Amino acid sequence: MGGAVSRGIDNDDLVDNLKNDEYIVTESVERAFRLVDRGDFFLVEDRDGAYEDHAWRNGTLHMSAPCIYTKAVEALQFRPGLSFLNLGSGTGYLSTLVGTLIGPHGTNHGIEIHERNVRYAEERVREFTRTAPTFDLTSFCPPKFVVGNCLFVNAAFRLYDRVYCGAACPEEYIDFLKSLLCVGGILVVPFENQLQRIERVSQDEYKIENVLSVSFADLIIPKKEEKNLTASIEITSEPISLQDLCRLAIHSSVGESRLSRLAELPLPQSILPYLRCYRDDEAVQRKLMEKREAAERMKKMLSRQLPKKRRKTGDEEDEGEEEDGDNGEDDDDDDDDDDNETVSPMNLPFGGPLFIRLDQLGGLGFVGSATPFAVQTMPISPPSGQPEMEIPENE
């Protein structure tokens, strides 16, 4: 299932395509899909296909196509503070996306029948909080995953504002899934070859609409000897740690728009660990480098798939080499760019181009920090014609 939008070079490119084709229509959903890189939830050997609009499967691990997830998240209409239950939480990708939408005071639960998938999802979420360059921009509700069959969830224990089911629901169980909703809650579930949005209007009344034609594998039905068992799965929530509360308080005071330009702020070094309490600064920088290298590989691969075009250059002597598509001089030019003291503006997830002078940042303790832009190891200056950022002195 999928293939509705063009392949992306990287996560931002994929999001651009989804937005252009109107699968993403709201700012909050766009923000969530930019914050959480789909490729980070793939196995390393499969990441070259992470930004295609196709489902992915490797053993028991599975992710739906991006167009499915965007339609589902738009239909669920998340807002801060809501409770969410993910039935068939898989790799943890969707639950992580939702964690950026419902915020730290929401509830984020997932149930998955394969224990291997739960362990994988937990590791992916840890990596997101530890190394994702965008994590500092989030007020995150970490998901909690449990192993079990979602058809054994105890609806009498608690209800949810939002529920998503990642497998087709047999007719005999659709009423059970509806019973997991609070009044006013929304369920999105594949049912009768449609991705359905089901809103609980009152205790006994539901409003149903079709979102998208889909084809999903069925939920795993309990075995005959299990069907008489009572619903036994009860998922509890963990309290927010003191360190998280400190981080959230600082985020709230500073404001999200200023967090995206963190290097400008004359913050004392004692505060910085709370802003990135989970962070591994070296791992963040490695992640940024890996993403740039992966994007370059994808560009080269896609360029080889397109009809070769003669590139115009001022040096006709190099024309023959350029037609080969893998020009040695191009590689040398790339190396020269790395040695140059001028850096192009990076596209931050939210905000304009940002130029950083590291000789000015040294006294503030930001060199090597886990901020949402690439950190260089030398003083740099903006390209000609671009204004240089004024960075306040540390008082």
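Residues numbered from 1 in each chain as written. Predicted model: local features only at pLDDT ≥ 70, side-chain atom pairs only at ≥ 80, totals over all residues. Heavy atoms only, no water.

Looking only at helices and strands, the chain has 13 helices and nine strands in total. Counting over 395 residues, the chain shows a buried share of 47%. Here the analysis covers contacts within the chain between residues at least 6 apart in sequence; of these, 67% occur between residues at least 24 apart. (Helix = DSSP H or I, 4+ residues; strand = E, 2+ residues; numbered from the N terminus. Buried < 20%, exposed > 50% of the residue type's maximum accessible area, 1.4 Å probe, protein only. Contact = heavy atoms within 4.5 Å.)

Here a ring pair, both rings aromatic, is described through the centre-centre distance and the interplanar angle of the planes. Applying the stated criterion across every chain yields a total of seven aromatic pairs. Consider the rings of Phe-128 and Phe-135, whose centres lie 5.6 Å apart with planes at 85°: the pair is edge-to-face. Between Phe-135 and Phe-140, the ring centres sit 6.0 Å apart and the planes meet at 80°, which makes this aromatic pair edge-to-face. Relative accessible area serves as the criterion here: at 7%, Phe-140 is assigned to the buried category. (Phe/Tyr/Trp six-rings, centres within 6.5 Å; stacked < 30°, edge-to-face > 60°.)

To continue, consider a nonpolar patch on the surface. Together, Ile-240, Leu-242 and Leu-245 give the surface a local cluster of nonpolar side chains, amounting to about 270 Å² of exposed area. Ile-240 gets classed as partly exposed once you look at its relative accessible area, which sits at 31%. (Patch = residues over 30% accessible without salt bridge, like charges linked within 9 Å, V, L, I, M, F, W, Y side chains within 5 Å. Areas by Shrake-Rupley, 256 points an atom, 1.4 Å probe, with all protein chains shown as cover. Salt bridge = Lys/Arg side-chain N within 4 Å of Asp/Glu carboxyl O.)

With 55 residues, the main nonpolar core has Phe-33, Ile-68, Phe-78, Tyr-93, Leu-94, Tyr-164 and Val-188 as its most contacted residues. For this core, the secondary structure elements donating two or more residues are helix 1 (11-20), helix 2 (27-35), strand 2 (61-63), helix 3 (66-76), helix 4 (93-102), helix 5 (115-131) and strand 7 (181-191). Of the residues forming this core, the biggest block, seven residues, is contributed by helix 3. In this structure Val-188 touches Ala-72, Ala-75, Leu-76, Val-163, Tyr-164, Cys-165, Leu-195, Gln-196 and Arg-197, once residues within four positions along its chain are discounted. Residues Ile-111, Val-153, Val-163 and Leu-187 belong to the second largest nonpolar core, which totals 25 residues. (Core = buried A, V, L, I, M, F, W, Y, C linked by side-chain atoms within 4.5 Å.)

Summarising burial for strand 4 (residues 107-112): six of the six residues are buried, a large majority. Side-chain alternation along strand 4 places Thr-107, His-109 and Ile-111 on one buried face and Asn-108, Gly-110 and Glu-112 on a second face that is also buried. Bridge count between strand 3 (residues 83-87) and strand 4: five bridges; the pairing is parallel. Residue pairing in the sheet places Phe-84 in a bridge with Asn-108 of strand 4. Handedness of the crossover joining strand 3 and strand 4 through helix 4 is recorded here as right-handed. Where strand 4 meets strand 5 (residues 144-147), four bridges bridge the pair, whose relative direction is parallel. Pairing of Gly-110 across the sheet is with Phe-145, part of strand 5. In this fold, the crossover linking strand 4 to strand 5 by way of helix 5 has right-handed handedness. (Pairing = 2+ DSSP bridges. Right-handed = clockwise from strand over helix to strand, strands pointing away.)

Let us look at the confidence of the model for the chain. For the chain, mean pLDDT is 76; residues scoring 70 or higher make up 63% of the total. With pLDDT under 50 throughout, residues 308-317 is counted as low confidence; its partners more than four residues away or in other chains account for eight contacts. Across residues 319-395, confidence stays below pLDDT 50; counting only partners more than four residues off in sequence or on other chains, it has 133 contacts. (pLDDT = per-residue confidence, 0-100.)

Across the 10 residues that make up helix 4, a large majority, 10, are buried. The complete set of buried residues in helix 4 reads Tyr-93, Leu-94, Ser-95, Thr-96, Leu-97, Val-98, Gly-99, Thr-100, Leu-101 and Ile-102. Following helix 4 by one or two positions, Gly-103 adopts a phi angle in the positive range, close to 75°.

The seven strands are arranged 5-4-3-6-7-8-9 in an open sheet whose pairing can be described as mixed. In this open sheet, the two edge strands, each paired with only one partner strand, are strand 5 and strand 9 (206-213). In this sheet, adjacent strand axes meet at a mean angle of 15° when their direction is disregarded. Packing against the sheet, helix 3 makes contact with strand 3, strand 6 (160-165), strand 7, strand 8 (194-200) and strand 9, and its axis sits at approximately 160° to strand 6. (Axes fitted to C-alpha atoms, helices over the stretch in contact; angles between N-to-C directions.)

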